[in-house]
2 protein chains.
Amino acid sequence: VSRGLIGLDWGTSSLRAYRIDGDGRVIETVMAARGVLQVEPGGFDAVLAEVAGRWLADAPGVPILAAGMIGSRQGWVEVPYARCPIAPQALAEALHPVPTARGRVWIVPGLVCEGAFPDVLRGEETQILGAVHEHPTAGTFLLPGTHSKWVPVRDGRIERFATFMTGELFAVLRQHSILGRLMDGEADDAAAFARGVGQGLDPDPGAGGLLHRLFSVRTLPLRDLLPPAGVASYLSGLLIGSELREAMGSLGLHPGGPAPVLVGGDALVARYVAALALAGLPATRAPADAAARGLYQLAGTAGLLA
Amino acid sequence: VSRGLIGLDWGTSSLRAYRIDGDGRVIETVMAARGVLQVEPGGFDAVLAEVAGRWLADAPGVPILAAGMIGSRQGWVEVPYARCPIAPQALAEALHPVPTARGRVWIVPGLVCEGAFPDVLRGEETQILGAVHEHPTAGTFLLPGTHSKWVPVRDGRIERFATFMTGELFAVLRQHSILGRLMDGEADDAAAFARGVGQGLDPDPGAGGLLHRLFSVRTLPLRDLLPPAGVASYLSGLLIGSELREAMGSLGLHPGGPAPVLVGGDALVARYVAALALAGLPATRAPADAAARGLYQLAGTAGLLA
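These figures come from a predicted structure and were not determined experimentally. By convention here, each chain's residues receive numbers from 1 onward along its written sequence. Working convention: letters from A go to chains and numbers from 1 go to ligands, in the order in which they are written. pLDDT decides what is reported in this predicted model: residues at 70 or higher carry local features, side-chain atom pairs at 80 or more are listed and counted, and totals for whole chains, interfaces and linings draw on all residues regardless. Side-chain measures were taken over the full set of non-hydrogen atoms in the model, leaving aside hydrogen atoms and water.

Right, let's get into the sheet that holds strand β2 (residues 15-20) of chain B. All names here are of chain B. Pairing within the open sheet is mixed, and its 6 strands lie in the order β3-β2-β1-β4-β7-β6. In this open sheet, the two strands that pair with only one neighbour each are β3 (26-32) and β6 (96-100). Taken over all neighbouring pairs, the strand axes of this sheet differ in orientation by 20° on average, direction set aside. Strands were regarded as paired on the criterion that DSSP finds at least two bridges between them. Only runs of H or I of at least four residues qualify as helices and only runs of E of at least two qualify as strands under DSSP, and these elements are numbered from the N terminus. Note: strand β1 (residues 5-10) against β2, 6 bridges, orientation antiparallel. Residue pairing in the sheet places D9 in a bridge with R16 of β2. Against the sheet, helix α1 (residues 44-58) engages β1, β2, β3, β4 (64-67), β6 and β7 (103-107), with an angle of about 20° to β2. Running at roughly 130° to β1, helix α10 (residues 290-301) makes contact with β1, β2, β3 and β4 of the sheet. Orientation is described by lines fitted to C-alpha atoms, with helices fitted over the stretch in contact, and by angles between N-to-C directions that extend from 0 to 180 degrees. Working rule for contacts: check all heavy atoms of both residues, and any pair within 4.5 Å makes them a contact.

Here it is in structure tokens:
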């Protein structure tokens, strides 16, 4: 009988630790503001003891599997990227062991995908495997965020992926650019958001691209054509609509065709569901704990649960 | 005989005051860090005395003409935008008088252009008139900057214009985003700049748009494919190349066809000349003091010099 697994989704700014039983059920979760950038070099072992010490004491020898920026240059150990396309079996074979005071911690490598330039991810590969397990026939997975990822998958294999800097652009433009000056309040105005999505989706090259359209975030409120309370929502919609236009063009997705499966937190997923509907792609959503599911699947494939 | 003109190019962050003689020659220039945002409400009259008091004492009653953000909501008086298309005569008729302790100051209205959304400018209309006077047959003027302007002109009339937020995006991404972290040094690497321009110009939609391509600014140095000293230049090139692709598509400009006339400062103009050459558009450059020339032209058309 399996002893279960301790799964770590260890990102830049936060850590989620999952205690998973032998049947793959998450029986306890710890969320901590102990992301890679918040931990001193050499301090990862202590953080592991802090969040999972009791679980380790309860089940000595339980396997530990970690995914995310923990495998980056700023993390515990830099684990080389694995290459796309890649099947779950190959990813499981590339797990990287780190000896620690509490036994080995296995780290999932991130992925690199060569194209016009190299694209990279760390952590999303594990979420995708978890989501694929629930949606085995889906052709595209979409993980919105600071660096949004679009991921074509076939027969369980991650074919390639493309990153879009949508979330980061929203944050820096809102906080540091002239576009933030006429903004008032949160990005929670659904009508203004939809208007921005429409502006971003517009396929007419005569309407310019993103560098031009961003100026509408300034001129619409300046000309009293958008209330200040709607400006943040409009900017969010414009950026997400632009991402959809770029990604659909790049991946060959069409209105009315197969829609991506969304993987992520509630608020952001709701925003993308609304935008995708306006683009003619009624998306479905993966279970919220895709990372825990992916960690369990990978551990099983790697033979760590036996 | 004309008494000449005091011309003010009064922008957001700086003020240039020109003493111009009756033949249109600039005989003295004062540059001051007295932009609209640096002057308290009610303080514009005092700044005028500070930079041009001696000129006014020398030539009582000399006309004063000001262009730029001085006519905005944050300026001396908010002057309503004039509408495109517009000929010099109509712009001259729309000059807005402000009574002051030193006689009337005339303010040039900015322009609004209606399209998918309203586009606006203040100050550039005057630089364009100055540049058109030297390049009467040119079809497009390009004023690079924080908010880059592309301006089709026919028979001396400003037909329309489009703004691109290239310079502002460069500044916020460099200073505040993850893309700035792997940057080292200035944006002065010509080869890295050219590489970025090529990435921005790439017409292949399969290569994604700007939101995707921006991620190359992170991954190329991360994968040791671009030295840290070249990253700022590469980002600059990528943004300018993207602007060129957007604007050429939007305005119907083609490699080998008529090229825009550049209006602006040396360093930025040199950068755009290099990028336009890579796009197949060998640009020419307007005289550096286009604002002063435009102020003199406008004053003449308005009958202020008589």
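Further remarks concern the sheet that holds strand β2 (residues 15-20) of chain A. All names here are of chain A. Spatially, the 6 strands line up as an open sheet ordered β3-β2-β1-β4-β7-β6, and their pairing is mixed. The sheet is open, and its two edges are formed by β3 (26-32) and β6 (96-100), each paired on a single side. On average, adjacent strands in this sheet sit at an angle of 20° to one another, irrespective of strand direction. Sitting on the sheet, helix α1 (residues 44-58) touches β1 (5-10), β2, β3, β4 (64-67), β6 and β7 (103-107), and the angle it makes with β2 is about 20°.

Glancing now at the relation of the copies chain B and chain A. Least squares is the method for superposing the copies, and the C-alpha atoms it fits come from residues with pLDDT of at least 70 in both. Mapping chain B onto chain A leaves a residual RMSD of 0.0 Å; the transformation is a rotation of 180° accompanied by 0.0 Å of translation along its axis. Such a combination of turn and shift is consistent with a two-fold rotation axis. Looking at the rotation axis and the C-alpha trace of chain B, the residue lying nearest is V172(B), at 3.3 Å. Of all interface residues in chain B, 100% are interface residues in chain A too; the two copies therefore contact each other through one and the same surface.

Next up on the list: the side chain of T163(B). Here T163(B) lies in strand β13 (residues 162-164). A relative accessible area of 0% means that T163(B) is categorised as buried. Looking at T163(B), its side chain comes within polar contact range of the side chain of D119(B), at 2.6 Å. Here the side chain of T163(B) touches K149(B) through a polar contact of 2.8 Å, side chain to side chain. Among residues more than four places away in sequence, those in contact with T163(B) are L211(A), H212(A), F215(A), D119(B), V120(B), H147(B), S148(B) and K149(B). Throughout, exposure labels follow a simple rule: accessible area from a 1.4 Å probe, protein chains only, divided by the maximum for the residue type, with under 20% read as buried, over 50% as exposed, and the rest as partly exposed. We call two N or O atoms a polar contact when they sit within 3.5 Å, provided that within protein one can donate a hydrogen and the other can accept it, with sequence-adjacent residues counted only if both atoms are side-chain atoms.

Alignment of β2(B) against β3(B), held across 6 bridges, turns out to be antiparallel. Bridge assignment links L15(B) to a residue of β3(B), and that residue is A32(B).

Across the boundary between the two partners, chain B contributes 50 residues, which contact 50 residues of chain A. Between chain B and chain A, the buried area comes to about 4200 Å², and carbon and sulfur atoms account for 68% of it. Summed over both partners, the accessible area (1.4 Å probe) lost when two parts come together is defined as the buried area. Broken down residue by residue, the surface that chain B buries against chain A is led by F117(B), L211(B) and F215(B), which jointly contribute 19%. Salt-bridge detection follows one rule: a side-chain nitrogen of Lys or Arg within 4 Å of a carboxyl oxygen of Asp or Glu. For the interface between chain B and chain A, the tally reads 0 salt bridges.

Attention shifts here to the nonpolar core. The nonpolar core is taken to be a set of buried Ala, Val, Leu, Ile, Met, Phe, Trp, Tyr and Cys residues, with the residues joined through side-chain atoms within 4.5 Å. Judged by nonpolar contacts, the single largest core of 98 residues is most densely connected at L169(A), L214(A), L244(A), L169(B), L214(B) and L244(B). Once residues within four sequence positions are removed from consideration, L244(A) is found in contact with W150(A), L201(A), Y272(A), A275(A), L276(A) and A279(A).

The criterion for an aromatic pair is that two Phe, Tyr or Trp rings (for Trp, the six-membered ring) have centres within 6.5 Å, with stacked assigned to planes under 30 degrees apart, edge-to-face to planes over 60 apart and tilted to the rest. If you walk through the whole model with that rule in mind, you get 8 aromatic pairs over all chains. Between W10(B) and F44(B), the ring centres sit 5.6 Å apart and the planes meet at 70°, which makes this aromatic pair edge-to-face. A residue pair is termed long-range when its members are at least 10 positions apart, and W10(B) in strand β1 and F44(B) in helix α1 qualify at 34 residues. Pair check on accessibility: W10(B) and F44(B) agree, each one buried. For the pair F44(B) and W76(B), a centre-to-centre distance of 5.9 Å together with 20° between the ring planes defines the contact as stacked. Residue F44(B) is located in helix α1, and its partner W76(B) is located in the loop between β4 and β5 (82-83); the two are separated by 32 residues in the primary sequence. For the pair formed by F44(B) and W76(B), the shared burial category is buried. Clustering of aromatic rings is evident, with ring pairs tying together W10(A), F44(A) and W76(A). Above the ring of Y81(A), the side-chain terminus of R122(A) is found at 4.2 Å from the ring centroid. Ring-over charges, as used throughout, are those where CZ of Arg or NZ of Lys falls within 6 Å of the ring centre and within 35 degrees of the ring normal.

Tallying each qualifying case throughout the model produces 28 salt bridges over all chains. Linking E28(B) and R54(B) is a salt bridge whose minimum nitrogen-to-oxygen distance equals 2.6 Å. Here the residue E28(B) occupies a position in strand β3, and R54(B) occupies one in helix α1, the gap between them amounting to 26 residues. Put simply, D266(B) and R285(B) hold a salt bridge, and the shortest N to O gap is 2.8 Å. Of this pair, D266(B) sits in helix α9 (residues 266-278) while R285(B) is found in strand β15 (residues 284-285), placing the two residues 19 residues apart along the sequence. Shared partners join several salt bridges into a network, and the residues in it are R19(A), E28(A), R54(A) and D58(A).

Residues and elements named next belong to chain B. Taking 1.5 Å as the rise per residue, α1 with 15 residues should run 21 Å; its terminal C-alpha atoms sit 21 Å apart, in good agreement. A residue's bend is given by the angle between axes fitted to the 7 residues ending at it and the 7 residues starting at it. A bend of about 75° at A52 is the largest found in α1. If you check which residues of α1 are buried, you get F44, D45, V47, L48, V51, A52, W55 and L56. On its buried side, α1 packs onto β1, β2, β3, β4, β6 and β7. What a helix should span is 1.5 Å times the count of its residues minus one.

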